[in-house]
Amino acid sequence: MGTIGTALTELRSAQKSAKGVSLYSRFVNRPVGRYLAAGSYAAGLTPNQVTLVSAAFSFAAVAGAALGGPSWTLGLLIWLGLAVGFAFDSADGQLARLRGGGSPAGEWLDHVVDCAKITALHLAVLIAFYRHPEHFGTTADGWLLVSLGFQLAAVVTFFGGLLTEKLKPRPTPGTPAPPPSTLRAVALLPVDHGVFCLVFLLWGGGTAFRWTYTALGVASAVFLLAFLAKWFRELSAAPR
């Protein structure tokens, strides 16, 4: 296996386009994932093994949210688990490119883990709202619908984006990628998973978490409507 330095050099020239990527993913998650990919490469790990490491961190955080008592310390640990899991989620794809390309099975595993993580995380918040209504101010049952609505918007966005990428015509080889838009990168911050993870730093704050989580849920629903219109328009204009 090569050294971490050699792997980092190769990875810097093999990054995916930054188009449609938020500032957090572009300047935080992908660079951290690059170092994790280089370290994984030097350690002899496969992309699938890195995906499973990502899943371990993410689902440990999900379990903490669902089963633990709400506190500032637990919130920090939940955020840390989710953030590290998200960084490893970036690392598995980068490692696959470093090793010469991924496999259909690896891509399938990555997407299944991502979908399960998104679904389970909002379910964990719903469970926490139900178990600790006094802390979160969710004594009214209607607050439980916030998690269900957020989960629906997040899952449909994930599936719709994934399916759109599969159905859109491939660009002609050699076609330069359009430059990333800074304005778009800023606008996408409310629906970036890494930014969403930050809300768990308010886990000990009770109603502060609930209101911030709700605001992000509303933003997710609004963005979903915009994404659906955009994706349908793009696919309608695509040549058959």
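This text gives an overview of the structure that appears in the document.

Cut-offs applied
Residues numbered from 1 in each chain as written. Predicted model: local features only at pLDDT ≥ 70, side-chain atom pairs only at ≥ 80, totals over all residues. Heavy atoms only, no water. Salt bridge = Lys/Arg side-chain N within 4 Å of Asp/Glu carboxyl O. Helix = DSSP H or I, 4+ residues; strand = E, 2+ residues; numbered from the N terminus. Buried < 20%, exposed > 50% of the residue type's maximum accessible area, 1.4 Å probe, protein only.

The next point concerns the pattern of salt bridges. Enumeration according to the criterion identifies six salt bridges in this entry. Across the salt bridge formed by Asp 89 and Lys 117, the nearest N and O atoms sit 3.9 Å from each other. Taken together, the positions of Asp 89 in helix H4 (residues 72-98) and Lys 117 in helix H5 (residues 104-131) put the pair 28 residues apart, joining distant regions of the chain. Grouping residues by exposure puts Asp 89 and Lys 117 together as buried. Taking the shortest distance from any N to any O, the salt bridge between Glu 107 and Lys 166 comes out at 2.7 Å. Highlighted residues: Glu 107 in helix H5 and Lys 166 in helix H7 (residues 144-167), separated in sequence by 59 residues. Residue Glu 107 is classed as partly exposed on the basis of its relative accessible area, which comes to 36%. Look at the salt bridges and you will find they share partners, linking Glu 165, Lys 168, Lys 230 and Glu 234 into a network.

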